[in-house]
Amino acid sequence: MSTRLTTSEGYAELIAKYDTFMFDCDGVLWRGTDVIDGIIDVLNYLRSHNKSILFVTNNASSSRRYYKSKFDKLGIQASVDEIFGSAYASAVYISSVLKIPKDQKVYVIGMEGLEQELAEEGIQYEGGTDPADNTLAPFSLTTFTHPTPPIAAVLCGLDVAINYTKISKALQYLLHNPDCHFLATNEDSTYPASGGILPGAGAISATLRYALKRDPVSIGKPNSTMLDCIRAKHDFDPARTIMIGDRLDTDILFGKSGGVSTLLVMTGVTKESDITGPNASPVVPGYIVQSLGDLAVLANPA
Ligand SMILES: O=C(O)[C@H](O)[C@H](O)COP(=O)(O)O
Ligand SMILES: [Mg+2]
């Protein structure tokens, strides 16, 4: 059973219970470019009370450095080491877990942020924002050739410029080489944008999943890889840690699987019918608040 927080006393009690606050970004801090009311005051209040703050986003379209610049512009204190995105986690997974040989490449369905994180880990890649792959021209196998050595992995993330050429090339690599890894940065079905909902990274990788009848290894929330990346850089006591998110099947499940507390906000993709009534999800958050910004009353008492 979740505890719904609606009063200043409830907000203060929650904050006193935890030392480390892990924040999802899309749908919690902002929707697209629109920062949610009260967020900046809440984050600054937590900082002023010596709380540890981490940002844990499945959005693979941007790198940690981009997010750092976004926080700077918003006046939100954040260091690159406090930011964990599925692009970074995917690069670490490829370099440290799969240990793909440095002369082999990754084929990217994704955007500049994902390419930046791969490059920072010393991983060679093709595709991504390469103009040759960002074309609406029909894809032809007569001009296609496999590179040597073969593509070692196909990595699929949120790609707002998705097209038939990228999907077709990824399919060739995965069909041609049985050792080619099929990876997804994350599999969020939808993306909480400004003014509405858009297809998420999961909707992009679904094309390959369906064509191949094969599931990718997904690296982002709710999977533990992201928490492993966080643990490699930050000590935290799970009993004094809370994950704040807008999606039950990624953020809340990530927190519960990781042994930390969870707070669901209703400013992202989760609707009231997802948490109450006959179709309620079996993933039950510890706490629920309408908006993280509601806690700003603690920073601005009446
Ligand atoms: O489709 C996606 O990639 C996700 O919807 C989006 O990026 C979620 O980001 P988060 O809510 O984890 O910050
Ligand atoms: Mg979110």
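Residues numbered from 1 in each chain as written. Chains lettered and ligands numbered in written order. Predicted model: local features only at pLDDT ≥ 70, side-chain atom pairs only at ≥ 80, totals over all residues. Heavy atoms only, no water.

The name recorded for the protein in an unreviewed UniProt entry is 4-nitrophenylphosphatase, from Botryobasidium botryosum. According to the UniProt record, the Catalytic activity (unreviewed entry) comment for the protein is "4-nitrophenyl phosphate + H2O = 4-nitrophenol + phosphate + H(+)". (UniProt positions renumbered as here; feature names shortened; annotations may be inferred.)

Here we take up the coordination of the magnesium ion (ligand 2). Within the protein, the magnesium ion (ligand 2) binds to Asp24 (OD), Asp26 (O) and Asp246 (OD); these donor distances fall in the range 2.0 to 2.1 Å. Counting residues between consecutive donors of the magnesium ion (ligand 2) along the chain gives the motif D-x1-D-x219-D. Separated by 222 residues along the polypeptide, Asp24 in the loop between β2 (20-23) and β3 (30-31) and Asp246 in the loop between β14 (241-245) and α9 (248-257) bring together distant segments of the chain. (Donors = N, O, S within 2.8 Å, 3.2 Å for Na, K, Ca; no water. Helix = DSSP H or I, 4+ residues; strand = E, 2+ residues; numbered from the N terminus.)

Bringing the site of ligand 1 into the picture now. The environment of ligand 1 is made up of 15 residues, and the closest members are Asp24, Asp26, Thr57, Asn58 and Ala201. Asn59 places a polar main-chain atom, nitrogen or oxygen, 3.4 Å from an oxygen atom of ligand 1. One nitrogen or oxygen atom from the side chain of Asn186 is found 3.0 Å from an oxygen atom belonging to ligand 1. Surface burial for ligand 1 is 99%, taken as the share of its 350 Å² of free accessible area covered by protein chains. Tallied by class, residues from the shell around ligand 1 come to four nonpolar, six polar and five charged. Each of domain 1 (3-58 + 222-298) and domain 2 (100-218) contributes no fewer than three residues to the shell around ligand 1. (Near = heavy atom within 4 Å. Polar contact = N/O pair within 3.5 Å; in protein donor to acceptor, adjacent residues only side chain to side chain. Areas by Shrake-Rupley, 256 points an atom, 1.4 Å probe, with all protein chains shown as cover. Nonpolar A, V, L, I, M, F, W, Y, C, P; charged D, E, K, R; others polar. Domains from an automatic or database assignment.)

Okay, unusual backbone geometry next. Here the bond from Thr148 into Pro149 is cis, since omega is -5°, no more than 30 degrees from zero. On the secondary structure map, Pro149 appears in the loop between β8 (124-127) and β9 (153-156). In this model, Lys221 is joined to Pro222 through a cis peptide bond whose omega is 10°. Assignment of secondary structure puts Pro222 in the loop between β13 (217-218) and α8 (224-233).

Ordered by their spatial adjacency, five strands build an open sheet running β8-β7-β9-β10-β13, and the pairing between neighbours is parallel. Of all the strands in the sheet, the pair left with one neighbour each is β8 and β13. Relative to the sheet, helix α5 (residues 112-120) contacts β7 (105-109), β8 and β9, its axis offset from that of β8 by approximately 155°. Lying on the sheet, helix α6 (residues 164-176) is in contact with β7, β8, β9 and β10 (181-184); it crosses β7 at an angle near 145°. (Pairing = 2+ DSSP bridges. Contact = heavy atoms within 4.5 Å. Axes fitted to C-alpha atoms, helices over the stretch in contact; angles between N-to-C directions.)

Here we come to the domain arrangement of the protein. Along its sequence, the protein is carved into domain 1 (3-58 + 222-298) and domain 2 (100-218). Buried area between domain 1 and domain 2, both sides added, is near 940 Å², and the carbon and sulfur share of it is 40%. Summed over the three residues of domain 1 that lose the most area to domain 2, namely Arg31, Asn58 and Arg247, the buried surface amounts to 49% of that side. Where domain 1 touches domain 2, the interface holds one salt bridge. Inspection of the region where domain 1 meets domain 2 yields ten residue pairs in polar contact (both at pLDDT 80 or more). Class assignment for the residues of the side of domain 1 that touches domain 2 results in one nonpolar, seven polar and five charged. (Buried area = accessible area lost by both parts, 1.4 Å probe. Salt bridge = Lys/Arg side-chain N within 4 Å of Asp/Glu carboxyl O.)

Scanning the entire structure with this criterion turns up 19 salt bridges. Where Arg4 meets Glu272, a salt bridge forms, and the shortest distance between an N and an O atom there is 2.5 Å. Linking Arg4 in strand β1 (residues 3-4) with Glu272 in helix α10 (residues 272-275), this pair joins segments that are 268 residues apart in sequence. Since its relative accessible area comes to 41%, Arg4 is described here as partly exposed. For the salt bridge of Arg64 with Glu120, the shortest nitrogen-to-oxygen distance reads 3.6 Å. Here Arg64, found in helix α3 (residues 64-74), pairs with Glu120, found in helix α5; they are 56 residues apart in sequence, far enough to count as distant. Under the relative-accessibility criterion, Arg64 is labelled buried at 9%. What you see here is one network of salt bridges that share partners, running through Arg64, Arg65, Glu117 and Glu120. (Buried < 20%, exposed > 50% of the residue type's maximum accessible area, 1.4 Å probe, protein only.)

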